[in-house]
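Coordinate analysis (summary)
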Amino acid sequence: MHYTHVMYKRKKNSGCRSSTISLFWVSQASPVMNCPDLLIIDYVKCGRLKDALHLYDRVASQEDFSSSSSSSHLPAPAYVALLRACAILRDLQRGMRLHEKISSTGLLACDLFIGSTMISMYAKCGSLRRAQLVFDRLPVRNVVSWNALIRGYAEDGRGNDALHYFELMKLQGISPDAYTFSSIFKSCGITRDIQKGQEFHSEIARRGLLGKNVIVGSTVVDMYAKCGMLCKAHEVF
């Protein structure tokens, strides 16, 4: 038996662990994993996305990890980190393989954060069809799930679709937050729908969101500018 240790350093205050992590020991007869999820999460936090995915590939290739036992999968936060890595790298194929693995664990049906992150991953990888399918199959949806889908459509330039799902979200009794409105103002700018944009502007003003969230304020300014109302954009700014 021999032990494999992974060492990595960080600059002070970078948010990454400064430690030596013993990942796992490797025995030819029986490979055993001890907590690679912690390093996967840290790799993604530090921007070492390919290292995180490479480590996951090593873990997934182990026979014990591929078993059907309850301990044969990573904790949910590790899968969230891996999906984020795929989204940033625009690695659709690897994201699809992760989707398949996560589905086999049952986590997708019970962890809303994984579902929302998967929707975002597909949207950022340019596959809104798959993002929509994941959304449609979620047994329960919260504001984060709706935001992921709405933002995906807005970022893809499909403002009307984003506005459509915004209305459906409200019909479902889900209250929009600052992140929702930032996507909605972007969508109003895309569609040049100044009437709706002004209605939403009044709504966030009533709710006190405009002065509290810089991102929302910026999207309001951008929306008015794209709709040709430069004086109003300057006033909000």
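Note: the structure precedes this text.
The present account deals with the structure reproduced in this document. (Residues numbered from 1 in each chain as written. Predicted model: local features only at pLDDT ≥ 70, side-chain atom pairs only at ≥ 80, totals over all residues. Heavy atoms only, no water.)

Considering the overall build of the chain
- The secondary structure content of the chain amounts to 13 helices and three strands.
- Out of the 237 residues in the chain, the part that is buried amounts to 44%.
- For the chain, long-range pairs separated by at least 24 residues make up 54% of all intrachain contacts whose partners lie at least 6 apart in sequence.
- Of the roughly 12800 Å² that the chain leaves accessible, carbon and sulfur atoms contribute 52%. (Helix = DSSP H or I, 4+ residues; strand = E, 2+ residues; numbered from the N terminus. Buried < 20%, exposed > 50% of the residue type's maximum accessible area, 1.4 Å probe, protein only. Contact = heavy atoms within 4.5 Å. Areas by Shrake-Rupley, 256 points an atom, 1.4 Å probe, with all protein chains shown as cover.)

Examining the packing of aromatic side chains
- Per the counting criterion, the structure on display carries six aromatic pairs.
- Ring centres 4.8 Å apart and planes at 75° place the aromatic pair Phe 135 and Trp 146 in the edge-to-face group. One end of the pair, Phe 135, is in helix 7 (residues 128-137); the other, Trp 146, is in helix 8 (residues 143-155), and 11 residues separate them in sequence. This pair shows no difference in class: Phe 135 is buried, exactly as Trp 146 is.
- For the pair Phe 135 and Tyr 165, a centre-to-centre distance of 6.4 Å together with 80° between the ring planes defines the contact as edge-to-face. (Phe/Tyr/Trp six-rings, centres within 6.5 Å; stacked < 30°, edge-to-face > 60°.)

So, the nonpolar core
- With 66 residues, the main nonpolar core has Tyr 79 and Ile 114 as its most contacted residues.
- With 10 residues, helix 3 (residues 76-89) is the single largest residue contributor to this core.
- The contact partners of Ile 114, leaving out residues within four places of it in the chain, are Ala 76, Tyr 79, Val 80, Leu 83, Ile 102, Leu 107 and Leu 108. (Core = buried A, V, L, I, M, F, W, Y, C linked by side-chain atoms within 4.5 Å.)

Digging into the pattern of salt bridges
- Enumeration according to the criterion identifies eight salt bridges in this entry.
- Ionic pairing is found between Arg 158 and Asp 161, a salt bridge with its closest N-O pair at 2.9 Å.
- The residue Glu 203 makes a salt bridge to Arg 207 at a minimum N-O spacing of 3.8 Å. You can see Glu 203 and its partner Arg 207 sitting in helix 11 (residues 194-207), four residues apart, about one turn around the helix.
- Through salt bridges with shared partners, one network takes in Asp 57, Asp 91 and Arg 94. (Salt bridge = Lys/Arg side-chain N within 4 Å of Asp/Glu carboxyl O.)

Description of the packing of helix 8 against helix 10 (residues 178-191)
- Close contact between helix 8 and helix 10 brings their axes to 9 Å; oriented N to C, the two are set at 25°. With respect to helix 10, the element helix 8 is oriented roughly parallel. For the pair helix 8 and helix 10, the crossing hand works out as left-handed. Contacts between helix 8 and helix 10 involve Val 143, Asn 147, Ile 150, Arg 151, Ala 154 and Glu 155 from the first element and Tyr 179, Thr 180, Ser 183, Ile 184, Lys 186, Ser 187 and Ile 190 from the second.
- Partitioning the contact of helix 8 with helix 10 into residue classes produces six nonpolar, four polar and three charged. (Axes fitted to C-alpha atoms, helices over the stretch in contact; angles between N-to-C directions. Parallel < 35°, antiparallel > 145°, perpendicular 65-115°, else oblique. Left-handed = near helix turned anticlockwise from the far one by under 90°. Nonpolar A, V, L, I, M, F, W, Y, C, P; charged D, E, K, R; others polar.)

Comments concerning unusual backbone geometry
- Residue Arg 90 is not a glycine yet carries a positive backbone phi of 55°.
- For Arg 192, which is not glycine, the phi torsion reads 60° and is therefore positive.
- Along the chain, the position of Arg 192 falls in the loop between helix 10 and helix 11.

Thoughts on helix 9 (residues 159-171)
- Taking 1.5 Å as the rise per residue, helix 9 with 13 residues should run 18 Å; its terminal C-alpha atoms sit 19 Å apart, in good agreement.
- The secondary structure elements touched by the buried residues of helix 9 are helix 7, helix 8, helix 10 and helix 11. (Expected span 1.5 Å × (residues − 1).)

Description of the state of the cysteines
- Enumeration over the complete set of coordinates arrives at zero disulfides.
- Counting only cysteine sulfurs, Cys 227 is the nearest neighbor of Cys 188, a cysteine outside any disulfide, at a range of 7.3 Å.
- Residue classification places Cys 188 among the buried positions, given a relative accessible area of 0%. (Disulfide = S-S within 2.5 Å.)

The values reported here are purely geometric and, on their own, carry no functional implication.
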